[in-house]
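# Architecture and fold: a report
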Amino acid sequence: MSDIFKALEQADLDSRHPLTQVLDGARFNADGLMPAIAQQHDTGEVLMMAWMNREALTETLRTGRVCYWSRSRGKLWRKGESSGQQQHLRAAALDCDGDTLLLQVDQTGPACHSGRRSCFYVALEGDEARIASAPLIDPATLYGKP
């Protein structure tokens, strides 16, 4: 754990600290990425997990529109740029170790590329996996595929 996060453990309620100093102490992985969990701000529903690098996080905080790092594309990915299903940031927080982000968002439509509201639709129950939700929108329609 970095010194800044050790200091934050003892910090007074509502004390303020420079963002650059906190991000300098945050723990991005060897690829410069950190897991980011997106949660619907008003219902608490967990929508998805994606990766952010420092640039994606900084852009998200600056613009209020959630931006991730796409490992498959190797570039910044602004949620909804191809589907129109955007996430607007309501609040962001780092965990106590500075290695995981929680994003409180306002999600437009489905968050999942499968057309479902949440990416967490495969329920693991005993010795089975059950599909727990149906798509809200056909993925072919969502992404304009024939």
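This write-up is about the structure you can find in this document.

### Observations regarding the overall build of the protein
- Scanning the protein from terminus to terminus reveals four helices and eight strands.
- Counted from the first residue to the last, the protein has its helices and strands arranged as α-α-β-β-α-β-β-β-β-β-β-α.
- When the backbone C-alpha atoms are referred to their principal axes, the protein occupies close to 50 × 35 × 30 Å.
- Residues counted as buried form 36% of the 146 residues belonging to the protein.
- For the protein, restricting intrachain contacts to residue pairs at least 6 apart in sequence, the fraction spanning at least 24 positions comes to 42%.
- Accessible surface computed for the protein: about 8,700 Å², of which carbon and sulfur atoms make up 51%.
- Considering the protein, the positive charge centre built from 16 side chains and the negative charge centre built from 19 side chains are found 8 Å apart.

### Digging into the nonpolar core
- Core analysis: the biggest nonpolar cluster contains 24 residues, and Met-48, Met-52, Val-66, Tyr-68 and Leu-103 have the highest contact counts within it.
- Among the elements of the structure, helix H1 (3-9), helix H2 (19-25), strand S1 (34-40), strand S2 (46-52), helix H3 (54-63), strand S3 (67-70), strand S4 (75-78) and strand S6 (101-107) are those that each provide at least two residues to this core.
- Setting aside anything within four residues of it in sequence, one finds Met-48 in contact with Ala-36, Ile-37, Ala-38, Tyr-68, Trp-77, Lys-79, Gln-87, Ala-111, Cys-119 and Phe-120.

### Overview of H3
- Listing the buried residues of H3 in full gives Ala-56, Leu-57, Glu-59 and Thr-60. All buried residues of H3 fall inside an arc of 165° around its axis, so they share one side.
- Elements that come into contact with the buried residues of H3 comprise H2, S2, S3, S4, strand S5 (87-94) and S6.
- Positive phi shows up at Gly-64, right after H3, with a value of about 85°.

### Considering the pairing of S1
- The element S1 is extensively covered by neighbouring structure, given that five of its seven residues are classed as buried.
- Across six bridges, the pairing between S1 and S2 is antiparallel. Residue pairing in the sheet places Met-34 in a bridge with Met-52 of S2.
- As consecutive antiparallel partners, S1 and S2 are separated by five residues, and within that stretch Gly-44 has a phi angle of approximately 85°, a positive value.
- Two elements, S1 and S6, share five bridges in a ladder whose sense is parallel.

### Points about the packing of aromatic side chains
- Counted according to the given criterion, the structure contains one aromatic pair.
- On the numbers, 5.2 Å between centres and 35° between planes, the contact of Tyr-68 with Trp-77 is tilted. Grouping residues by exposure puts Tyr-68 and Trp-77 together as buried.
- If you follow Arg-116 out to its NZ or CZ, it ends over the ring of Tyr-121, 3.9 Å from the centre.

What counts and what doesn't
- Residues numbered from 1 in each chain as written.
- Predicted model: local features only at pLDDT ≥ 70, side-chain atom pairs only at ≥ 80, totals over all residues.
- Heavy atoms only, no water.
- Helix = DSSP H or I, 4+ residues; strand = E, 2+ residues; numbered from the N terminus.
- Buried < 20%, exposed > 50% of the residue type's maximum accessible area, 1.4 Å probe, protein only.
- Contact = heavy atoms within 4.5 Å.
- Areas by Shrake-Rupley, 256 points an atom, 1.4 Å probe, with all protein chains shown as cover.
- Lys, Arg positive; Asp, Glu negative; His and termini not counted.
- Charge placed at Lys NZ, Arg CZ, Asp CG, Glu CD.
- Core = buried A, V, L, I, M, F, W, Y, C linked by side-chain atoms within 4.5 Å.
- Arc of directions from axis to C-beta.
- Pairing = 2+ DSSP bridges.
- Phe/Tyr/Trp six-rings, centres within 6.5 Å; stacked < 30°, edge-to-face > 60°.
- Lys NZ or Arg CZ within 6 Å of the ring centre and 35° of its normal.

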